[in-house]
Amino acid sequence: MPAAGFTPLRVRSHGSLLYGTASPEALVARALQADLAALALTDRNNLYQGIAFFQRARAEGLRPILGSEVGDGRGELLLLARDREGYANLCRVLTLRHLDAGFDLARAVASHAAGLHVVVEEAALLRAL
């Protein structure tokens, strides 16, 4: 039984090739079995399963948190959308990640940080921000 108020923030679905295997529906079902109030879906460098996860979680009474673990070859950040603006900015960062050959994660997040929680685990990336 998880501690009161515990919310897993680093959860991957089958949308993270080679990193996750569960469907959004299975993740929501497991979260409900664990009596969680909220769950974050944070697939690597994408939001491909985000809408399916969001819709299923809301329908089942689970608070969905959309995010992504975004990397640029030098490091990774966990980006969590706090609101609609954060979701839009997360989409912008991910679009840059996929379209810009010279993608710089620190620069992209600095330019599109509104509405995002940024979880930094690596000291080098923290200095870049």
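What you see is a predicted model; the values in this text were computed from it and never measured.

Enquirer: Would you mind going over the sheet that holds strand β2 (residues 63-71) with me for this structure?
Expert: Backbone-to-backbone hydrogen bonds join strands into a sheet, with any given pair of strands oriented parallel or antiparallel. Read from one edge to the other, the open sheet built from 4 strands follows the order β1-β2-β3-β4, with strand pairing classed as mixed. The outermost strands of the open sheet, each flanked by one partner alone, are β1 (38-44) and β4 (116-120). Strand-to-strand twist of the sheet, defined as the mean angle between neighbouring strand axes without regard to direction, takes the value 25°. Direction of pairing for β1 relative to β2: parallel, over a ladder of 7 bridges. Within β2, the position partnered with D43 by the bridge is S68. Packing against the sheet, helix α2 (residues 50-60) makes contact with β1 and β2, and its axis sits at approximately 160° to β2.

Enquirer: What am I meant to see in the pairing of β2 here?
Expert: Regular strands have side chains that alternate between both faces of the sheet. Burial analysis of β2 places 8 of its 9 residues in the buried class, which makes it a mostly covered element. Both β2 and strand β3 (residues 76-81) contribute to a ladder of 5 bridges, which runs antiparallel. Bridging across to β3, G67 finds its partner in L80. Here β2 folds back onto β3, and the loop between the two strands holds 4 residues, one of which, G73, carries a positive phi near 95°.

Enquirer: How do you make sense of the environment of L47 when you look at a structure like this?
Expert: Residue position: L47 is located in the loop between β1 and α2. Its relative accessible area of 17% is what places L47 among the buried residues. When the C-alpha positions of L47 and Y87 are compared, they lie 10.0 Å apart, and in sequence the two are 40 residues distant. Ignoring anything within four residues of it in the chain, the contact list for L47 reads G67, Y87, L90, C91 and L94.

Enquirer: I would appreciate a short explanation of the pattern of salt bridges in the present structure.
Expert: Enumeration over the complete set of coordinates arrives at 6 salt bridges. Where E69 meets R12, a salt bridge forms, and the shortest distance between an N and an O atom there is 2.6 Å. Placement of the pair is E69 in strand β2 and R12 in the segment before α1 (24-33), with a sequence separation of 57 residues. Judged by relative accessible area, R12 falls into the partly exposed class, the value being 24%. Residues R74 and D104 are paired through a salt bridge, measuring 3.4 Å at the closest nitrogen-oxygen approach. Placement of R74 in the loop between β2 and β3 and of D104 in the loop between α3 (84-99) and α4 (105-111) is noted, with a sequence separation of 30 residues between them. Counted as one network, the salt bridges with shared partners bring together R10, R12, R44, E69 and E76.

Basis of the calculations
Residues numbered from 1 in each chain as written. Predicted model: local features only at pLDDT ≥ 70, side-chain atom pairs only at ≥ 80, totals over all residues. Heavy atoms only, no water. Pairing = 2+ DSSP bridges. Helix = DSSP H or I, 4+ residues; strand = E, 2+ residues; numbered from the N terminus. Axes fitted to C-alpha atoms, helices over the stretch in contact; angles between N-to-C directions. Contact = heavy atoms within 4.5 Å. Buried < 20%, exposed > 50% of the residue type's maximum accessible area, 1.4 Å probe, protein only. Salt bridge = Lys/Arg side-chain N within 4 Å of Asp/Glu carboxyl O.

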